[in-house]
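Given next are the chains, with one letter for each unit.
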Amino acid sequence: MSEESRPAFAAERRERILELVRANGTMSLRDIATKVRASEVTIRRDVRALEAEGLVDRRRGGVALPGRIGHEQSYSGKSGQCAAEKAAIAVAAARLVRPGDAVTIGPGSTTEALARELLNRTDLTVVTNSLRVADVLSGATGVEVVVTGGTLHGPVRALVGAAAEQSLAGLRVNRAFLSGNGVSADRGLSTPNPAVASVDQALAACAEETIVLADHTKIGADTMVPTVAPEEIAHLVTDSSADPEVLMTLEETGALVHVAVVVGERGQ
């Protein structure tokens, strides 16, 4: 291949990378490499070039649109993303719920998937500020659902504000299940919205241990407001496309990492 022909191929590849990041918000380098059918070394070089043009921001192990650190995607916008991965994560996370437990569950499409896995449980109490989680569990005869007060925050279909936080004060539960927008070894779990973050912190403060549910697009990513410090994450449940190097750094902070196998990957 001549030197003259290489820029054209690089330009096409970089345009494809931009399309993927615009569609998904944030992506790991590993995932981009798989989609574009190029090596991670090549993708890393492309990302550096795109960042120099101000088109993307690099994150540890991944890439995001500029300013994404403070962007909050709508619930409908993210609910269809990584659906198979979120379903697998929910199955794995449900194994951490024991008979007789009281748990808190935060908002998010992944925690909604977890709620579906708990429908047939008995002797379980769920405290949540997520209207989606409460709606899923409304028909579960063996699950007592306690919904916080608060003001509706539409993008994530969750109750936030002082009333939500006050309704959680003084409660004690076994486990908190949370899903934010980024998880890193430097800052832990984070979310773009301060009001959502405050209630996430209150949900975690109730619990003996905190379990974070995050698909691979969130691993290594950072958003504006930290909610759970790295050393306070007892378990991280993710999928097999997560960057193994980033997972290793999270394990070093003390998190027990569970890697869920997506349906279709089994037996391969």
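Residues numbered from 1 in each chain as written. Predicted model: local features only at pLDDT ≥ 70, side-chain atom pairs only at ≥ 80, totals over all residues. Heavy atoms only, no water.

The name given to the protein chain in an unreviewed UniProt entry is DeoR family transcriptional regulator, and the organism recorded there is Nocardiopsis sinuspersici.

A. Local environment of the sheet that holds strand β15 (residues 256-260). One open sheet accounts for seven strands, arranged β6-β5-β4-β9-β12-β14-β15; its pairing is parallel. Both edges of this open sheet fall to β6 (143-147) and β15, since each of them pairs with a single strand only. Within this sheet the neighbouring strands show an average axis-to-axis angle of 20 degrees, counted without direction. (Pairing = 2+ DSSP bridges. Helix = DSSP H or I, 4+ residues; strand = E, 2+ residues; numbered from the N terminus. Axes fitted to C-alpha atoms, helices over the stretch in contact; angles between N-to-C directions.)

B. Just the environment of Leu119, in detail. You can see Leu119 is positioned in the loop between α6 (109-117) and β5 (124-128). Placed 19 residues apart in sequence, Leu119 and Ser138 show a C-alpha to C-alpha distance of 8.9 Å.

C. Summary view of unusual backbone geometry. Not every positive phi belongs to a glycine, and Arg37 is a case in point at roughly 65 degrees. Exposure remark for Arg37: the relative accessible area of 79% places this residue in the exposed category. The backbone phi angle of Arg157 is positive, close to 55 degrees, even though this residue is not glycine. Mapped onto the elements, Arg157 comes out in the loop between β7 (151-153) and β8 (158-160). (Buried < 20%, exposed > 50% of the residue type's maximum accessible area, 1.4 Å probe, protein only.)

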